[in-house]
Amino acid sequence: MFTVFFISATIILSYSIILNGYGQIAGIIFFILSALSLPFVYRNSMRVAPECGAHLPAARARVVCLMICTAALSIFLSVRIRDCGREKLPLPQAVYIGEVIRAVDRRYDQEVFLRFQRLERGGRGSPDGTAWLTGTAYISGGPCLHAGDRLEFYAKPVPVALLDSTSAFQRSLVCRGTGYLMYLEGDTVSVVRSEATLREQIRERLSAGCDALFRKDTASVVKALYFGNQSYIDKHILNDFKRAGVLHVLAASGLHVGIVAGTLLLLLGLCRLNRKWALAAAGLAIVLYLYITDLPVSLLRAGIMFMIYSLQRIIDREINTINTLFLSGIAILTIFPHEIYSLGFQLSFGATLGILLFHRLYRRVLTYLPSRISDTLALTISAQVLVIPVLLLQVGELNLSCVISNIIIVPAMSLLLIVSLAASGLSLVTAYAAYLGSVADAIFSLNKLVVGSLSGLMCHFNVSAVHPVLFAAFGMLLLPLFPWTSHKRVVSLSIAAAFGCAWLSLAIPQAADENPRVIEHDRGSALILRDGTAVSVIGALPGRKRLGLVEKEITKTPFRDISFYIPHPDYRNIAGYSYLAKRYPVRVCYLTETFPIGSYVKKFFRILDRDGVVLVMQNFDSCRAAGRTPSRVSGSAAFHDRVCVSYNSLLKRLRSKVSR
């Protein structure tokens, strides 16, 4: 604990120097916590059992060794982080040669971390002798790149060491050591040398196997679980799982590490293999699993924890699960110190720590329920204790249906992963694996049906300000953790009361806030219409600085999909709609029949095509002349058929209604 707090303080304070003081208070808090934990570490290390044969000097030596290792690691990290904040200089628009260090497939492009150097004029493939620079490139519509590829590209790298930047995206780039940022089109990139690594060959083989065995939607989920990348999954499916409170089952994490390792341990146990050799084999299997994934932090944490656990069992050491969690945190922060700022790191470690600390206490007050239900409830609630504050502070979201949905969906998704692994394994030796693929399709279809029903419970909320009732509800949720709560049934009712109070405090204001919204700006007006779970965005969008107002109105209440109506497809308008299309699930897009052909429109169409959005060409001028809005097509909200006024009249009426 001391090491984790001290390392965290070092990382945050070091980053605060290059981020203009951002996070400095949090770093000071971690430093104070590390100082407070040191006396307990020292006192416990002094407790030497006589039968162990250890002496007091040996215990003191362990403490001194711990402090020396912590100080050395902190110095190493502070030097690494200091290098991230060096001043970056503007570079000219030119041809560069680069080498891919790491490439991650995203939904609409590839994120490529590379080292690059400018080419000499007229000397193709010859660097100009300047130092190698590091940068992050987002490449859309280009070749699929892999680590180790050599490429030439035409770009103007933009320096990202902005000390006065308040953008979370800019901060993340600086923290990762990215010196320059580039947005590249496929026609400006050419691969000089490409060699498919063993990792890429395995991934391609698994991906092709999933496409052959499973239905398209099932294959996308299975690949997301195999590779730790949710960009394979359709955004409508992601949105339904998010609203149902079970989005975490689509992220490769401890559950999936446990299934992979547990399956191998079971098979090796049936073969009568020695337990230690079986653990070693399972550890190697987890290393291979991590090797082929994109290393999401939740999966990395679970994999490191399992390998530490296996090592402790192999060498017959005492196992302390909390220490194992902290050791995995130290390992991740040593390799990727910037992860301390990521939401995935905070949620993964917060949920795991909550389970380790509070699961037994919640299980104690729920023992009158059937064991399977009480275990799942205690697991879900204990994980939420530390996750809820993080979600409210970081993203302003709260889901109250997770207690119900986890009981149903987690076992079903675990079964899907087990069946998919069996089908993928059998496909190497027999064609009968296709039958298991059909079973996996049926399981996922049932899961989608259940998740769709649970997402309609309207228990997912966007919280802009924490109401005092939420504080009271959170206090009731914590009651079972106190030792004086002896009446189990009465105390367990406080959990139900906590969720009920939170739902009433959020659902009632949300139900009263269903009016359409008009957002006025210097370029015109944007109209947001809502009918149940359907949202429509109509008109001209404001610039990027005020686009957050539109997002706030869209996400004010839960929604299933969005429709776009774009009467003026100019550059700024299409840029705004492209931004929204990347972030939210869009069902249908109405576009005027007369629009200019430009690169920005092509990019917008590429986004729509990737998400399978229905595109409808509509003559908005004729609609206004006829005194009606665009007619409804399959997939758009039904309430548009009932709006039979002209577009301009609709805006005027809504402005007057909003002003009243």
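Parameters at a glance
Throughout this document, residue positions are counted from 1 along each chain, in the order its sequence is written. Predicted model: local features are reported for residues with pLDDT of at least 70 only, side-chain atom pairs are reported and counted for 80 or more only, and whole-chain, interface and lining totals are derived from all residues. The basis for every side-chain value is the complete set of non-hydrogen atoms in the structure, without hydrogens or water. Distance thresholds for patches are 9 Å for like charges and 5 Å for nonpolar side chains (Val, Leu, Ile, Met, Phe, Trp, Tyr), applied to residues having over 30% relative accessible area and no salt bridge. Working definition of accessibility: Shrake-Rupley area with a 1.4 Å probe, residue cover restricted to the visible protein chains. Salt bridges are counted wherever a side-chain nitrogen of Lys or Arg sits within 4 Å of a carboxyl oxygen of Asp or Glu. Runs of H or I in DSSP of at least four residues are treated as helices and runs of E of at least two as strands, each being numbered from the N terminus. Computed over the protein atoms alone on a 1 Å grid, cavities are sets of points where a 1.4 Å probe fits but cannot get out and pockets are open sets with protein on both sides within 12 Å along at least five of seven lines; a residue lines them when it has an atom within 4 Å of a point. Grid points are joined across faces, edges and corners, and a volume is the space filled by probe spheres set on the points. Think of it as three bins: nonpolar holds Ala, Val, Leu, Ile, Met, Phe, Trp, Tyr, Cys and Pro, charged holds Asp, Glu, Lys and Arg, and polar takes everything else, Gly as well. Expected span of a helix, by definition, is 1.5 Å for each gap between consecutive residues, and there is one gap fewer than residues. A simple rule labels every residue: compare its accessible area, found with a 1.4 Å probe on the protein chains alone, to the largest value its type can have, and call it buried under 20%, exposed over 50%, or partly exposed in between. To obtain the arc, one takes the directions from the helix axis to the C-beta atoms. Here, two residues are considered to be in contact whenever any of their heavy atoms come within 4.5 Å of each other. The predictor rates its confidence in each residue with pLDDT, a number between 0 and 100. Any two strands between which DSSP finds at least two bridges are classified as paired. Throughout this description, a polar contact denotes any pair of N or O atoms lying within 3.5 Å of each other; where both atoms belong to protein, one of them has to be capable of donating a hydrogen while the other can accept it, and for residues adjacent in sequence the pair is counted only when both atoms sit in side chains.

*Asks:* Go over a nonpolar patch on the surface with me, naming the residues and quoting the values.
*Replies:* Where nonpolar side chains cluster on the molecular surface, the patch consists of Ile-25, Ile-28, Ile-29, Ile-32, Leu-33 and Leu-36 and spans about 570 Å² of accessible area. With respect to the helices and strands, Leu-33 occurs in helix 2 (residues 24-46).

*Asks:* Kindly report on the layout of surface pockets, identifying the contributing residues and their values.
*Replies:* To find leftover empty space, one rolls a probe the size of a water molecule over the atoms. The computed volume of the second largest pocket comes to approximately 1,200 Å³. Lining of the second largest pocket is provided by 26 residues; of these, Met-1, Val-41, Leu-66, Asn-320 and Asn-323 occupy positions nearest its centre. Those elements giving two or more residues to the lining of the second largest pocket turn out to be helix 1 (2-18), helix 2, helix 3 (56-84) and helix 11 (321-335). In terms of residue count, helix 3 provides more of the lining of the second largest pocket than any other element does, 6 residues in total. Grouping the amino acids of the lining of the second largest pocket by side-chain chemistry returns 14 nonpolar, 8 polar and 4 charged.

*Asks:* Account for helix 5 (residues 198-213), with residues named and values stated.
*Replies:* With 16 residues, helix 5 ought to run about 22 Å at 1.5 Å a step, and its terminal C-alpha atoms sit 22 Å apart, in line with that. Restricting attention to buried positions, one finds in helix 5 the residues Arg-199, Glu-200, Arg-203, Ser-207, Cys-210 and Leu-213. For helix 5, the angular spread of the buried residues around the axis is 165°, confining them to a single face. Residues of helix 5 that are exposed and point over 90 degrees away from its buried face: Leu-198, Arg-205 and Ala-212. Residues of helix 5 that are buried sit in contact with strand 1 (94-105), helix 6 (216-227), helix 9 (275-292), helix 14 (402-426) and helix 15 (433-455).

*Asks:* Would you mind going over the confidence of the model for the chain in detail, with residue names and values included?
*Replies:* Per-residue confidence for the chain averages 83 on the pLDDT scale, and 88% of its residues sit at or above 70. Across residues 624-647, where pLDDT falls below 50, the model places 52 contacts with residues more than four positions away in sequence or in other chains.

*Asks:* Kindly report on the sheet that holds strand 4 (residues 150-155), identifying the contributing residues and their values.
*Replies:* The strand order 5-6-3-2-1-4-7 describes an open sheet built from 7 strands, whose pairing is mixed. Each of the sheet's edge strands pairs with one partner strand only, and the pair in question is strand 5 (158-159) and strand 7 (189-193). The sheet contact formed by strand 1 and strand 4 spans 6 bridges and is antiparallel. Counterpart to Tyr-96 in the pairing with strand 4 is Phe-153.

*Asks:* Give a detailed account of the side chain of Asp-561, specifying residues and quantitative values.
*Replies:* Relative to the assigned elements, Asp-561 resides in strand 13 (residues 561-566). Classification of Asp-561 by relative accessible area gives buried; the value is 12%. In this structure the side chain of Asp-561 is engaged in a polar contact, spanning 3.4 Å, whose partner is the side chain of Arg-587. Setting aside its immediate chain neighbours within four residues, Asp-561 contacts His-236, Thr-533, Ala-534, Val-535, Pro-585 and Arg-587.

*Asks:* So what's going on with the pairing of strand 2 (residues 110-118)? Which residues, and what values?
*Replies:* Bridge count for strand 1 against strand 2 is 9 bridges, and the pairing is antiparallel. Paired with Val-104 across the strands is Glu-111, a residue of strand 2. If you look at the hairpin formed by strand 1 and strand 2, you'll find 4 residues sitting between the two strands. Of the pairings in the sheet, the one linking strand 2 to strand 3 (residues 133-140) comprises 7 bridges and is antiparallel in character. Its bridge partner being in strand 3, Gln-110 is matched across the sheet by Ile-139.

*Asks:* I'd love a proper account of unusual backbone geometry, names of residues and values included.
*Replies:* A positive phi angle is found at Arg-272, which is not glycine, with a value near 65°. With respect to the helices and strands, Arg-272 occurs in the loop between helix 8 (254-270) and helix 9. Here Arg-272 falls in the exposed class, since its relative accessible area comes to 79%.

*Asks:* With reference to specific residues and values, describe helix 15.
*Replies:* With 23 residues, helix 15 should cover 33 Å at 1.5 Å per step; its first-to-last C-alpha distance of 32 Å lies within 8% of that length. The complete set of buried residues in helix 15 reads Ala-433, Gly-437, Ala-440, Asp-441, Ile-443, Phe-444, Asn-447, Val-451, Leu-454 and Ser-455. Buried-residue contacts for helix 15 involve helix 5, helix 6, helix 7 (235-244) and helix 14.

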